Amino acid sequence: MRIETTPTGGPAFGEGFFPRGCSSLCRACDHRSLSREESEAQKRGWLASKLAPWADRLAPLEGATEAESLGYRDRVRLHVRRIDGRWRFGMLRGDELLPLEDCPVHSSRVRRSLALLSRILPDDPLLPLAFYAQSGAQATLIVKSRTRPDLTWTKGLDEGGVESGLEGLWLHLHPSAGRRLFANREWILLWGQRRSQDSGGLVYGPCAFQQLLPRLYERSLDEAEAFLAPCMGDGVVDLYCGNGASLARWLRRGAAVVGVELSGEAMENAAVNGPGASLLRGCCAERIPQLDSFLSPHARSRRLAYVNPPRTGLEPEVARWLPRAGFRRIAYLSCSAGTLRRDMTFLEEAGYDVLRLRPYDFFPRTRHVECLALLSSRDDRP
Ligand SMILES: C[S@@+](CC[C@H](N)C(=O)[O-])C[C@H]1O[C@@H](n2cnc3c(N)ncnc32)[C@H](O)[C@@H]1O
């Protein structure tokens, strides 16, 4: 591995360069040896091929700045192992842990928190600590056990906790943690407070989904809002709404709003972040009857949808329901070009036109790219 810095002392990216703390064995940032321009060109090319039927509607990619493309990962999920008598945090390669405490793409808060925990976690090889999850200022130690371990070591948090940037540290007892890191039960607050607020004032907890680049995320919401242009008398359905970051936008414009979200914690936060919105907890597919009731006072011409599903895309029942419900416009923020293609193909056949696709570089240095699709019902045409 070569470690280089720019003349100004900052890390340099590009052919063959690895910034300080970056392991050449790590596969997470698969675009790190590309310049920013090369990485963005590859992402745009990938979207143009994956979304070829609509390539003429593909707008330029909204990129991250150089400063935003390091130190932006403020939400991590890492494996934990004891190596040479020390707790280490990183990713697994086969059976071996590749330590990543100093990864330069981690936020400085994540790096400081990992350094603190490496220092204060107990010297106990029997502690069944398996995973670490951090979401902003809230962190969780995931222990594969039903039994509460010795917790005397948590006194160390009173000294370094605040300095590290942490506001809450949780212990989650989850004997079968693995593919799914979190279960509903056995959350113990070890230190600090249960909730935090992000830079935009939104409340979140330890399991929260959070967009990593607030400036770019706000840009995507600006574009969705300008397209949907909700107003008094409209009914906005916000599916997969997470903490409710988008709910306040539609409410501010006087629309009636309903959000649907699977995670109970996210729903609790959404009630604070989007006061006045109706909230439905559960799978979107299972909430269709309640969504129909919510929409019934709104004429079809006053129905709008904002959807932001996980990588798996829209549930089939939801894809079939959207045209049936007669939404005039749909803004669809996607993190998977494959499922976006599938869902747009279906919606086009069901009476929608794809007007515009706007890519956003929410994950600089990686191959991942977000895309906002703006769709309009053909019935909406004069
Ligand atoms: C890509 S995130 C978007 C969250 C939110 N829109 C935001 O930007 O912060 C997807 C969200 O969908 C939720 N989710 C996953 N499957 C779901 C389902 N079947 N029904 C409802 N919500 C679901 C996840 O818990 C997660 O909060």
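Calculation rules
- Residues numbered from 1 in each chain as written.
- Predicted model: local features only at pLDDT ≥ 70, side-chain atom pairs only at ≥ 80, totals over all residues.
- Helix = DSSP H or I, 4+ residues; strand = E, 2+ residues; numbered from the N terminus.
- Rg over C-alpha atoms; globule rule 2.2 N^0.38 Å.
- Buried ≥ 20, exposed ≤ 12 C-beta atoms within 10 Å, placed from the backbone.
- Core = buried A, V, L, I, M, F, W, Y, C linked by C-beta atoms within 7 Å.
- Domains from an automatic or database assignment.
- Contact = placed C-beta atoms within 7 Å.
- UniProt positions renumbered as here; feature names shortened; annotations may be inferred.
- Axes fitted to C-alpha atoms, helices over the stretch in contact; angles between N-to-C directions.
- Parallel < 35°, antiparallel > 145°, perpendicular 65-115°, else oblique.
- Left-handed = near helix turned anticlockwise from the far one by under 90°.
- Nonpolar A, V, L, I, M, F, W, Y, C, P; charged D, E, K, R; others polar.
- Near = placed C-beta within 6 Å.

Under an unreviewed UniProt entry, the name given to the protein chain is Class I SAM-dependent RNA methyltransferase, and the organism recorded is Aminithiophilus ramosus.

Caption draft 1: Spatial organisation of the overall build of the protein chain. The helix and strand inventory of the protein chain stands at 9 helices and 16 strands. For a compact globule of 382 residues, the expected C-alpha radius of gyration is about 21 Å, and the protein chain comes in at 22 Å, within 12% of that figure. The buried share of the protein chain, reckoned over its 382 residues, is 41%.

Caption draft 2: Spotlight on the nonpolar core. Of all hydrophobic cores here, the largest spans 94 residues; its most connected members are L239, A305, I330, A331 and A373. By residue number, the principal contributor to this core is strand β16 (residues 370-377), which donates 5 residues. Three or more residues apiece are contributed to this core by two domains, here domain 2 (75-204) and domain 3 (214-380). Non-local contacts of A373, meaning those with residues more than four positions away in its chain, are made with Y332, S334, L340, M344, V354 and L357.

Caption draft 3: View of the environment of P175. For P175, the location among the structural elements is in the loop between β6 (168-173) and β7 (187-192). When neighbours within four sequence positions are excluded, P175 is seen to be in contact with K144, S145 and R146.

Caption draft 4: The UniProt feature "binding site: S-adenosyl-L-methionine" (unreviewed entry) in the protein chain, seen in detail. With numbering matched to this structure, UniProt assigns "binding site: S-adenosyl-L-methionine" (unreviewed entry) to Q211, Y240, E261 and N308. One can find E261 in strand β11 (residues 256-261). Classification of E261 as buried rests on a count of 25 C-beta atoms within 10 Å. If near-sequence neighbours (up to four positions away) are discounted, E261 is found in contact with Y240, C241, G242, A266, M267, A270 and R281. Residue position: N308 is located in the loop between β13 (303-307) and α8 (316-325). Excluding its chain neighbours within four sequence positions, the residues that come into contact with N308 are Y240 and L333.

Caption draft 5: Structural view of the UniProt feature "active site" (unreviewed entry) in the protein chain. The positions UniProt marks with the feature "active site" (unreviewed entry) are C335. Of note, C335 is situated in the loop between β14 (329-334) and α9 (337-349). Look at C335 and you get partly exposed, because 19 C-beta atoms sit within 10 Å.

Caption draft 6: Region of interest: unusual backbone geometry. A positive phi is found at E186, a non-glycine position, where the angle reads about 65 degrees. Mapped onto the secondary structure, E186 falls in the loop between β6 and β7. Its identity as a non-glycine residue notwithstanding, A229 has a phi of 45 degrees, on the positive side. Mapping A229 onto the fold places it in the loop between α4 (214-228) and β10 (235-239). Assessed through the 11 C-beta atoms surrounding it within 10 Å, A229 is described here as exposed.

Caption draft 7: Molecular detail of the packing of helix α1 (residues 36-50) against α9. Following both chains from N to C, one finds α1 and α9 inclined at 30 degrees, their axes separated by 10 Å at the closest point. By the angle class used here, α1 and α9 are roughly parallel. With respect to the hand of their crossing, α1 and α9 are arranged in right-handed fashion. On α9, the residues that touch W46, L47 and K50 of α1 are A337, G338 and R341. Broken down by class, the residue content of the contact of α1 with α9 amounts to 3 nonpolar, 1 polar and 2 charged.

Caption draft 8: Highlighting the site of the ligand. Taken together, 19 residues lie near the ligand, and Y240, G242, L262, C283 and N308 sit nearest. Classifying every residue of the shell around the ligand by side-chain character gives 11 nonpolar, 6 polar and 2 charged.

Caption draft 9: Spotlight on the packing of α8 against α9. Packing of α8 against α9 leaves a shortest axis separation of 10 Å and a crossing angle of 30 degrees. Handedness of the α8/α9 crossing: right-handed. Across the interface between the two elements, A319, L322 and P323 of α8 pack against D343, F346 and L347 of α9. Looking at side-chain class alone, the contact of α8 with α9 contains 5 nonpolar, no polar and 1 charged residues.

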